[in-house]
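Observations on the three-dimensional arrangement
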Amino acid sequence: MLSNSSKYAIKAVLFLALNASEKKKVMVKDISKPINVPQAYIAKLLQPLVKEDIVSSSRGPRGGFYLDENNMNHSIMSIVNVIDGEKRLKSCLMSLKKCNEEKPCPLHNELSASRAQILNNLKSRTIKDLIKEVEAGNAFLPL
């Protein structure tokens, strides 16, 4: 349901939430290895997230990426929307172009309630929420 790009972006944002701050910025090269994603790819994914104020950055010798309190309040869905758009999450699970409410594929009605629940969860859960789960030991990130 999520593209690799969205998964990588979420991992990068969560890494920043756990390891960076306005006083301790992190460079792309320091994000790449722990989350196992090529440096150039992470740099490309972070650019639109910065533009949409989901991630903060600063240039210069002490520059890098970080999350501030405002960034931490963004939903996980906001990351997915920037990287893939919500349309991808609503696309047909059988990849049929003409599948929709009026002309559903065989899986459409079977999975529409599950899909709606997933979308609602992604919209209601913030970066801060996920980090609290990691810090409490209720979830883990192999970073």
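Residues numbered from 1 in each chain as written. Predicted model: local features only at pLDDT ≥ 70, side-chain atom pairs only at ≥ 80, totals over all residues. Heavy atoms only, no water.

Quick look at the side chain of S32
Here S32 is to be found in helix α2 (residues 28-35). Residues in contact with S32, not counting those within four places in the same chain, are V37, P38 and Q39. (Helix = DSSP H or I, 4+ residues; strand = E, 2+ residues; numbered from the N terminus. Contact = heavy atoms within 4.5 Å.)

Section: the packing of α2 against helix α3 (residues 39-51)
One can describe the packing of α2 onto α3 by two numbers: an axis separation of 9 Å at closest approach and a directional angle of 115 degrees. Here α3 runs roughly perpendicular to α2, going by the angle between their axes. Of the two elements, α2 crosses α3, and the hand of that crossing is right-handed. Facing V28, K29, I31, S32 and I35 of α2, the residues of α3 in contact are Q39, I42, A43 and L46. Taken together, the residues of the contact of α2 with α3 sort by class into 6 nonpolar, 2 polar and 1 charged. (Axes fitted to C-alpha atoms, helices over the stretch in contact; angles between N-to-C directions. Parallel < 35°, antiparallel > 145°, perpendicular 65-115°, else oblique. Left-handed = near helix turned anticlockwise from the far one by under 90°. Nonpolar A, V, L, I, M, F, W, Y, C, P; charged D, E, K, R; others polar.)

Notes on the nonpolar core
A general tendency of soluble globular proteins is for nonpolar side chains to be buried together. Membership of the largest hydrophobic core comes to 34 residues, with the highest contact counts inside it found for L16, I31, L46, L49, V55, I79 and I127. Elements with a contribution of two residues or more to this core: α1 (4-19), α2, α3, β2 (64-66), α5 (76-83), α7 (108-124) and α8 (127-135). No other element matches the 8 residues that α1 contributes to this core. (Core = buried A, V, L, I, M, F, W, Y, C linked by side-chain atoms within 4.5 Å. Buried < 20%, exposed > 50% of the residue type's maximum accessible area, 1.4 Å probe, protein only.)

A few points about the packing of aromatic side chains
Under the criterion given, the structure shown has 1 aromatic pair. Ring geometry for Y8 and Y41: centres 5.6 Å apart, planes at 80 degrees, overall edge-to-face. Taken together, the positions of Y8 in helix α1 and Y41 in helix α3 put the pair 33 residues apart, joining distant regions of the chain. In this structure, K25 is placed above the aromatic ring of Y66, and the distance from its NZ or CZ to the ring centre is 5.3 Å. (Phe/Tyr/Trp six-rings, centres within 6.5 Å; stacked < 30°, edge-to-face > 60°. Lys NZ or Arg CZ within 6 Å of the ring centre and 35° of its normal.)

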